[in-house]
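# Descriptive analysis of the structure
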Amino acid sequence: MSVTPLLAIEKLTMRFGGLLAIDSVSFDVQPKTVTALIGPNGAGKTTLFNCATGFYRPTGGSLKLDAGARTVELARLPGHCIARLGIARTFQNIRLFPSMTVLENLLVAQHAELMRASFFSIAGLFGLPSWRRAEAAAIERARYWLDRIGLTGRADDAAGTLPYGQQRRLEIIRALCARPRLLCLDEPAAGLNPSETADLARLIRAVSDEFKLAVLLIEHDMSMVMEISDHVVVLDYGRKIAEGPPARIRDDKAVIAAYLGEPEAAVT
């Protein structure tokens, strides 16, 4: 029985002037799975993320999201509309609000729900019951995730005062507070030590399994990729050169060549 992909990327192409950053790339992100997007620096991974999350409008191809009752073409939508369809992301460089508290960062991620509950500020101004219930639910959701990563004790601290590894995890749970259907993580283990990376890998895999959440992951830590991924897609110079389960990708000759270079021809 075939499963409808949550996100179907078909012949995606992105040009910046004369530079072809993404060259007709196609692959699917299945529901409830972790899909890793890997490749050498400059392969086009983040560019593809930016197309999928509305930061770039692709030059060609399509990004079709299964939105339940309908299929939505993301390439035609502005970024804020894509977020409303249940796609959340993190970035290579941490983009928290450093002067806001840890808790406030998580409440900001729930602003769409809170604004609807406040009737766009009216109910909030008068403290109506509908607003108070929505606010309490948002705080409870934020505290659940803070408990999950051990940051409850720092809920009232400025986010910018957290150690780097904790800021990384905070950015991920901020995205999770938006209750996404697809979570896009751009190099979440960058700058983490091996222990922090192992903890993060367990969190990502557990969240995907427990909440039936699809995860699209860019990562250079191959041990982490091979441990938590269900499916791996490999880019090189903007083109897809391989895809499949981790065990197959590990031994793929084209992937090895992309990372390590072609062996020199023997001198005769």
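What counts, and where the lines are drawn
- Residues numbered from 1 in each chain as written.
- Predicted model: local features only at pLDDT ≥ 70, side-chain atom pairs only at ≥ 80, totals over all residues.
- Heavy atoms only, no water.
- Helix = DSSP H or I, 4+ residues; strand = E, 2+ residues; numbered from the N terminus.
- Buried < 20%, exposed > 50% of the residue type's maximum accessible area, 1.4 Å probe, protein only.
- Contact = heavy atoms within 4.5 Å.
- Areas by Shrake-Rupley, 256 points an atom, 1.4 Å probe, with all protein chains shown as cover.
- Pairing = 2+ DSSP bridges.
- Axes fitted to C-alpha atoms, helices over the stretch in contact; angles between N-to-C directions.
- Phe/Tyr/Trp six-rings, centres within 6.5 Å; stacked < 30°, edge-to-face > 60°.
- Expected span 1.5 Å × (residues − 1).
- Salt bridge = Lys/Arg side-chain N within 4 Å of Asp/Glu carboxyl O.

Secondary structure assignment for the chain yields 11 helices and 10 strands. For the chain, with 268 residues in total, the buried portion stands at 47%. In the chain, the share of contacts with a sequence separation of at least 24, taken over all contacts with a separation of at least 6, comes to 66%. In the structure as shown, the chain presents an accessible area of about 13600 Å², 55% of it carried by carbon and sulfur atoms.

On the basis of which strands lie adjacent, the open sheet formed by four strands has the order S2-S1-S4-S5 and antiparallel pairing. The open sheet terminates on both sides in strands that have one partner only, identified here as strand S2 (19-29) and strand S5 (71-73). Across the sheet, the mean angle separating the axes of adjacent strands is 25° when strand polarity is ignored. Contacting strand S1 (7-16), S2 and strand S4 (60-66), helix H1 (residues 45-52) crosses the sheet at an angle of about 115° to S1.

This part takes up the packing of aromatic side chains. What characterises a pair of aromatic rings is the spacing of the ring centres plus the angle enclosed by the ring planes. By the definition in use, this model includes five aromatic pairs. For the ring pair Phe16 and Tyr56, a centre distance of 5.3 Å and an interplane angle of 75° mean the geometry is edge-to-face. Taken together, the residues span a long stretch of sequence, with Phe16 in strand S1 and Tyr56 in the loop between H1 and S4 at a distance of 40 residues. Overall, the relative accessible area of 35% leaves Phe16 in the partly exposed class. Taken together, the aromatic side chains of Tyr144, Trp145 and Phe211 make up a single cluster linked through ring pairs.

For the rest of this paragraph, the subject is helix H7 (residues 164-177). Counted at 1.5 Å a residue, the expected span for H7 with its 14 residues is 20 Å, and the 20 Å between its end C-alpha atoms agrees. In terms of burial, H7 is largely enclosed, as 12 of its 14 residues are buried. Of all the residues in H7, the buried ones are Gly165, Gln167, Arg168, Arg169, Leu170, Glu171, Ile172, Ile173, Arg174, Ala175, Leu176 and Cys177. A positive phi of about 50° marks Arg179, the residue just after H7.

Okay, the pattern of salt bridges next. Going through the model one piece at a time under the given rule, you end up with 10 salt bridges. Note that Arg205 is salt-bridged to Asp230, the shortest N-O span being 3.1 Å. One end of the pair, Arg205, is in helix H8 (residues 194-211); the other, Asp230, is in the loop between helix H9 (222-228) and strand S9 (231-236), and 25 residues separate them in sequence. A residue is classified by how much of its surface remains accessible, and Arg205, at 18% relative accessible area, is buried.

Bridging between S1 and S2 involves seven bridges; their strand directions are antiparallel. Bridge pairing links Phe16 to Leu19 in S2. Following S1, the chain reverses through two residues before pairing antiparallel with S2; Gly17 in that reversal takes a positive phi of roughly 65°.

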